[in-house]
Structure formats: C-alpha cells, structure tokens
Amino acid sequence: DDVFIGSPPLAFTFGLGGQVLFPMSIGASMALLEKAGPVQLVDGIERFGASVVFTAPTSYRVMAQQGERIRRTRLRKCVSAGEALTASTRALWKDATGIEIIDGIGSTEMLHIFISNRPDDIRYGSTGKPVPGYEVELRGEDGKPVADGEIGDLYIKGPSAALMYWANRDKTRDTFQGAWLKSGDKYVRDAEGYYTYAGRSDDMLKVSGIYVSPFEVESTLQQHPAVLEAAVIGVTDEQGLTKTKSYVVCKPGQSASEAELKAFVKSRLAAYKYPRFIEFVDELPKTATGKIQRFRLRELESKPR
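As the structure is a prediction and not an experimental result, all values here were calculated from the model. (Residues numbered from 1 in each chain as written. Predicted model: local features only at pLDDT ≥ 70, side-chain atom pairs only at ≥ 80, totals over all residues. Heavy atoms only, no water.)

Colleague: Any chance you could explain the side chain of R139 here in plain terms?
Modeller: Mapped onto the elements of the fold, R139 is located in strand β8 (residues 135-139). Only 2.9 Å separates the side chain of R139 from the side chain of E137, close enough to count as a polar contact. Once you skip the residues sitting within four places of it in the chain, R139 turns out to touch K144, P145, V146, G152, D153, Y155, Q177 and W180. (Helix = DSSP H or I, 4+ residues; strand = E, 2+ residues; numbered from the N terminus. Polar contact = N/O pair within 3.5 Å; in protein donor to acceptor, adjacent residues only side chain to side chain. Contact = heavy atoms within 4.5 Å.)

Have a look at this one:
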C-alpha cells in the first residue's frame, strides 16, 4: 500500500535507493516525476497518494509552506539526505506537517546512507548513528582517531563501497584507502555515539586564523523567522583576508535587514563567526538533488560586477 516519491533523479544513488531499490525490495509502488521541484513534489504527493518521500533539506523548507495541504495527504515517512539537515528545518517541517524527518548521510561512493537517525531515535541537529553493517571513524590530520567532541575527517567502511573512480587514479588513491573510504566530510561524535555534521572539508573557512564551519553559520541564520535559505562562502577583502559572506533567501512576504541578521548571528555564535557581508537573492543555485551549489556562488564572487 506504500507509494514512494522523491526529487533525486534515478541516476543519483539517493534517487536509485529511495525510488527504485527500496520500494521494489518490499513490494511498494513508486511515483516517478519528470520534474520534481518542491511545488511538483507537493502536487505529486497529493495526486498519487504518496506515503514516503525522499528529498533534500532545502526542499523540505520550501514544502513546509504547504503544511496544511500535506497534513491532508497519506504522507507518513520523510527521508532527508544530500546535504546536512539543520535543527531549524527539522522543527519547521514538524510544526507544519506533524511528521518527523529521518535524516542521514550517504554518498555515491558508498551507494547510499551509512549514518542515520531512526524513526524512534531522532536527535535534532544530529545525523544519528552508523547504519548496521558500516563502521565509522573520525580522524585528525595525522590520520589518527580523534576524541569525542573533536572535529575529524569522516571515514567509512562497509560492503557497498565502490572500487575506484573511473580513469582517475589520483582521486582513487586519496579516497579509497584500503578497506576505508575518506568521505570529505567533517564530523563530531558525542559521548553517546551520535554524529553531528561540521561541514565539507573543502568548504571550511579560516577566518582570523580560526576555522569556521559555513554550515554552523547557515544553521543559525535559518533560525531567524524571516529566513528561508542561506548559503555561506568565503570572500577576500581589500587586505587579502578571508571573510564570510552569506547569500540569503527570505520567506515569501517577509524581509530582514543586513544589520538585523548580523546581530542575530552575533547573539548566538562567537563574534568572529558572523557573516561580514550579506546579499539577499531570490533563489540559490542547486543540484538536481536539491543540494546548494556553493561553488556557483564562489564563481559569482570571482566575476567583476
């Protein structure tokens, strides 16, 4: 009786699992949409009586604006991956629809999700615990495991790992290290074994000599009642120093000033983490799976205006 629906294309492992392999393995049905933005996804949930949805956090934020419509559907399970789910996005969706989001992290190299929350074990702000069958380690720059509470590079070992990258030996050697796979993500594990996302290794910014996680700043901005989406990148000022800049999309019919948002972040994070520059935009560049493309924003910054 279950009908699965989602936004990731079938050529992506998030879509391959959520909309083909998983429903077929239990005899469920799939509704495959030719175009699956947030608007089409809500329409599809209604039209096809979907009960399980797979999509990215940014889509859940937009779809939450249609919470009353979703409450009248058969939807009962919501799975999130593709990018980190903030506590504010999870709360926004739960308040709007009454449904919890089951969030996890996966990768193409590992085929699908290897750390996840459970329906009966959801911790806001956390990605959860390793999926059975997978081993996870957090390592420092010296390659040794880090202590709980410290940020480390995420390594995974499991039966679904790829063998190599096609025709790319250098990247293969860096990523596939014996039985372990280096994901390129930064994580922190707490004393209870829950893993919390700290950012992509190549997205981390060094501001005033201290590392800043763009994800942490974005998560804080999204707690502001007028903010729908936010993306943070590093920009170089006149002195050649790296500063944080945030691109912000406001909720329909709402607005906020640059000074207001800066003060909002300062009140919640260490002073050096607040975005020095804020630019308001109508939308953020995203991949086909709904993941924000920060490199597009960096390209935009590099062009003369």
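Picking up after the structure, the text goes on.
Colleague: When you look at the pairing of strand β11 (residues 180-189) in this model, what are you seeing that I'm missing?
Modeller: Residues in a regular strand point their side chains to alternate faces of the sheet. Counting buried positions along β11 gives eight out of ten residues, so the element sits mostly inside the fold. Summarising the sheet, strand β9 (residues 152-157) and β11 pair through four bridges and their orientation is antiparallel. Bridging across to β11, Y155 finds its partner in K182. Pairing between strand β10 (residues 176-177) and β11: two bridges, direction antiparallel. Paired with F176 across the bridge in β11 is L181. The hairpin formed by β10 and β11 contains two residues between the paired strands, and G178 there has a positive phi angle of roughly 65°. As judged from the five bridges shared by β11 and strand β12 (residues 195-200), these two strands associate in the antiparallel manner. When the sheet's bridge partners are listed, V188 is paired in β12 with T196. Counting the residues that bridge the hairpin from β11 to β12 gives five residues, and of these G193 lies at a positive phi of roughly 90°. (Buried < 20%, exposed > 50% of the residue type's maximum accessible area, 1.4 Å probe, protein only. Pairing = 2+ DSSP bridges.)

Colleague: Help me understand the packing of aromatic side chains, please; the structure alone is not making it clear to me.
Modeller: Going through the model one piece at a time under the given rule, you end up with seven aromatic pairs. With a centroid separation of 6.1 Å and an interplanar angle of 25°, the aromatic rings of F4 and F54 are classed as stacked. In this pair, F4 sits in strand β1 (residues 3-6) while F54 sits in strand β3 (residues 52-55), placing the two residues 50 residues apart along the sequence. Residue classification places F4 among the buried positions, given a relative accessible area of 7%. Aromatic side chains Y60 and W93 sit 4.9 Å apart centroid to centroid with 70° between the ring planes, which places their arrangement in the edge-to-face category. Placement of Y60 in helix α3 (residues 57-63) and of W93 in helix α5 (residues 87-97) is noted, with a sequence separation of 33 residues between them. Like W93, Y60 is buried. Over the ring of Y194 we find K129, and its NZ or CZ is 4.5 Å from the ring centre. (Phe/Tyr/Trp six-rings, centres within 6.5 Å; stacked < 30°, edge-to-face > 60°. Lys NZ or Arg CZ within 6 Å of the ring centre and 35° of its normal.)

The values reported here are purely geometric and, on their own, carry no functional implication.
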